[in-house]
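Listed below, chain by chain, are the residues.
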Amino acid sequence: MPPVAAPGGAAPRAQYPTGHPSLAARFAPGQRVRVRKAAPLGHVRTPWYVRGCSGAIERLCGAFPNPEELAQQRSGLPAQPLYRVRFLQRELWPDYRGRPEDTLEVEIFQHWLEPEAGP
Amino acid sequence: MAQGADLGEYRPLTYFQLMEISLRELLVEKGVVSEQAIGDAVADMRARAPERGAKLVARAWVDPGYRERLLENGTRACEELGLEVPALRLVVVENTPALHNVIVCTLCSCYPRTLLGIPPEWYKSRNYRSRVVREPRAVLAEFGTRIPESVQIRVHDSTADMRYLVLPMRPAGTGGWSEERLAALVTRDCMIGVALPRQG
């Protein structure tokens, strides 16, 4: 696993850099983020159960063409940075019965993420 | 008719079978693809088997440097062993005494096909996909895999461009084993994370 850098440092390193023209990565490993709570039509790769939930960036995977655009026969460019985001299971499922430390990780495109609001 | 001849049972084609045949025939008729190309692609898919993934795991068990490279960049580590993995971006997640990993694709059936072959039916079932994300311990127990309460579980939902492989822990009592012998312990289910490699 790539080392987890402190947020706000240099641009994070992608595990799988691609040659696509892409948007700059806004988030760094360790940073807290919230998944947008939205319900657009079309081919969306953000599972329902994480929408509106908060987690932490685990790694930057790379930048990939936006699948919502690809599904409409468009280029999907500029490519969207793709992250793995780690969630606590008990925050995803209020009735979760496993250990409180159990986690779940999902790949989420940058345009679905926003910095977690302060307390 | 010969006594006991098995003529099978007549079953009409399902909706999806009909769609597949119609689409395939249309594509061939219009010259988009050839029957040969389709046949080759299917043969290619069938030829890939979990032994490819097991090879990576066994090497990681015997070679700590390889293990590190596998975790750092799974795709490059496949190529290092001479495995062709076109378009695969592999994320390898490692089981430890404190952490157990399990893979799912809740949106469809994303799976590291170039390493594990065609996914099993259950991996694509609504039952597995909807339940393993919210009650992983119960689902694993149904596979006969009981994860102690002291071990954290991490579910990986494979939703976009990465594909996942679990690096299981090497079973005790396998010291000095050859890579081939070790690889034989590593089943498909171990690399999805619903089973653990067992010796003997």
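Note that this is a predicted model, so its numbers are computed, not measured.

Examining the pairing of strand β1 (residues 90–94) of chain B
Residue and element names in this part refer to chain B.
Next, step 1: Among the five residues of β1, four are classified as buried, and the element is accordingly described as predominantly covered.
Next, step 2: Direction of pairing for β1 relative to strand β4 (residues 163–167): parallel, over a ladder of five bridges. Bridging from a neighbouring strand, Val92 pairs with Leu165 of β4.

Some remarks on the confidence of the model for chain A
Next, step 1: In the predicted model, chain A carries a mean pLDDT of 91, and 90% of its residues have values of at least 70.
Next, step 2: Low pLDDT (under 50) marks residues 1–8 of chain A, which in the prediction has 16 contacts with non-local residues, meaning those over four places away or in another chain.

Considerations on the sheet that holds strand β2 (residues 99–104) of chain B
Pairing between the strands of a sheet is mediated by backbone hydrogen bonds and can be parallel or antiparallel.
Next, step 1: Read across the sheet, seven strands follow the order β5(A)-β1(A)-β2(A)-β3(A)-β4(A)-β3(B)-β2(B) without closing on themselves; strand pairing throughout is mixed. Of all strands in the sheet, those bounded by a partner on one side alone are β5 (113–115) of chain A together with β2 of chain B. For this sheet, the mean angle separating the axes of adjacent strands, direction not counted, is 35°.
Next, step 2: Alignment of strand β2 (residues 54–64) of chain A against strand β3 (residues 80–88) of chain A, held across seven bridges, turns out to be antiparallel. Residue pairing in the sheet places A:Ala63 in a bridge with A:Pro81 of β3(A).

Some remarks on the interface of chain B and chain A
Next, step 1: Between chain B and chain A, the contact holds 21 residues from the first and 22 residues from the second.
Next, step 2: Every element with two or more residues in the side of chain B that touches chain A is listed here: α9 (136–142) and β3 (152–157) of chain B.
Next, step 3: Here the residues of the side of chain B that touches chain A sort into eight nonpolar, five polar and eight charged.
Next, step 4: Of the pairings in the sheet, the one linking strand β4 (residues 103–109) of chain A to β3(B) comprises four bridges and is parallel in character. Across the sheet, the residue bridging to A:Leu104 is B:Val155, located in β3(B).

Remarks on the nonpolar core
Next, step 1: One finds A:Tyr83 and B:Val57 to be the most contacted residues of the largest nonpolar core, which totals 70 residues.
Next, step 2: What B:Val57 contacts, discounting residues up to four positions off in sequence, is B:Leu167, B:Pro168, B:Val186 and B:Met191.

Section: unusual backbone geometry
Generally, phi is negative for residues other than glycine and the peptide bonds are trans, each holding for most cases.
All names here are of chain A.
Next, step 1: In this structure, the amide linkage connecting Leu77 to the following residue, Pro78, adopts the cis form with an omega of -5°.
Next, step 2: Residue position: Pro78 is located in the loop between α1 (67–70) and β3.
Next, step 3: At Gln73, a position not held by glycine, the phi torsion is positive, near 70°.
Next, step 4: Residue position: Gln73 is located in the loop between α1 and β3.

Examining helix α3 (residues 51–62) of chain B
One full turn of an α-helix is made of 3.6 residues, so residues set three or four places apart face in the same direction.
Residues and elements named next belong to chain B.
Next, step 1: In this model α3 runs 17 Å from its N-terminal to its C-terminal C-alpha over twelve residues, within 8% of the 16 Å that 1.5 Å per residue would give.
Next, step 2: Most of α3 is tucked away, with nine of its twelve residues classed as buried.
Next, step 3: Those residues of α3 hidden inside the fold are in contact with α4 (64–72), α5 (74–80), α6 (113–116), β4, α10 (179–183) and α11 (188–192).

What about the environment of B:Val104?
Residue and element names in this part refer to chain B.
Next, step 1: Inspection of the secondary structure puts Val104 in strand β2.
Next, step 2: Judged by the 27 C-beta atoms lying within 10 Å of it, Val104 is buried.
Next, step 3: Residues Val104 and Val133 lie 29 residues apart in sequence; the distance between their C-alpha atoms is 7.8 Å.
Next, step 4: If near-sequence neighbours (up to four positions away) are discounted, Val104 is found in contact with Tyr128, Arg129, Val132, Val133, Val155, Asp157 and Ser158.

Scoring rules and cut-offs
- Residues numbered from 1 in each chain as written.
- Chains lettered and ligands numbered in written order.
- Predicted model: local features only at pLDDT ≥ 70, side-chain atom pairs only at ≥ 80, totals over all residues.
- Buried ≥ 20, exposed ≤ 12 C-beta atoms within 10 Å, placed from the backbone.
- Helix = DSSP H or I, 4+ residues; strand = E, 2+ residues; numbered from the N terminus.
- Pairing = 2+ DSSP bridges.
- pLDDT = per-residue confidence, 0-100.
- Contact = placed C-beta atoms within 7 Å.
- Axes fitted to C-alpha atoms, helices over the stretch in contact; angles between N-to-C directions.
- Nonpolar A, V, L, I, M, F, W, Y, C, P; charged D, E, K, R; others polar.
- Core = buried A, V, L, I, M, F, W, Y, C linked by C-beta atoms within 7 Å.
- Expected span 1.5 Å × (residues − 1).

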